[in-house]
Amino acid sequence: ADIICTLVPSTDPILRGEWIRPGTHINAVGACLPTQREMDGTCVAKAALYCDSKDACFVEAGDIVMAVKEGSINSQDHVLDEIGSVLSGEVEGRVNEEQITLFKSLGIALEDL
């Protein structure tokens, strides 16, 4: 798929990195607790990661929290930026057609405006 949206409060990954082809974009919005995850660490590691809140991402997002604990990613170095910076043009989004991108949303209230 070109775009994958996950909306599941799962405790086990439903999306594995080995299934993701180059150029895919992932919207991960379902797992919002540190004990939940929709993606395995390989999936998170393969992607250019954007989030809605960097601070919340490393505390609340189980996909990210567990990927760090497993050693799949190196903490905050893996998050490129917050989605607001991409939307405002401050930060570049996808850099080429082959890049895998991931938006990890925790549903912060600002996004509702």
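It should be noted that the structure appears before, not after, this text.
Conventions we followed
Residues numbered from 1 in each chain as written. Predicted model: local features only at pLDDT ≥ 70, side-chain atom pairs only at ≥ 80, totals over all residues. Heavy atoms only, no water. Helix = DSSP H or I, 4+ residues; strand = E, 2+ residues; numbered from the N terminus. Buried < 20%, exposed > 50% of the residue type's maximum accessible area, 1.4 Å probe, protein only. Polar contact = N/O pair within 3.5 Å; in protein donor to acceptor, adjacent residues only side chain to side chain. Contact = heavy atoms within 4.5 Å. Disulfide = S-S within 2.5 Å.

Enquirer: Describe in detail the side chain of histidine 25, supporting the description with residues and values.
Expert: Among the secondary structure elements, histidine 25 is positioned in strand β2 (residues 25–28). Using a relative accessible area of 19% as the deciding quantity, one classes histidine 25 as buried. Separated by 2.8 Å, the side chains of histidine 25 and asparagine 27 make a polar contact. Discounting chain neighbours no more than four positions away, the residues touching histidine 25 are Asp2, Ile3, Ile4, Arg94, Thr101, Leu102 and Phe103.

Enquirer: Provide a residue-level description of the state of the cysteines, including the pertinent values.
Expert: Two cysteines whose sulfur atoms are joined by a covalent bond form what is called a disulfide. As enumerated under the stated definition, the model contains 0 disulfides in all. No disulfide involves cysteine 5; its nearest neighbouring cysteine sulfur is the one of cysteine 43, lying 13 Å away. For cysteine 5, a relative accessible area of 47% corresponds to the partly exposed category. Residue cysteine 51 stays outside any disulfide, its sulfur separated by 4.3 Å from that of cysteine 57, the closest cysteine. You can call cysteine 51 buried: its relative accessible area is 0%.

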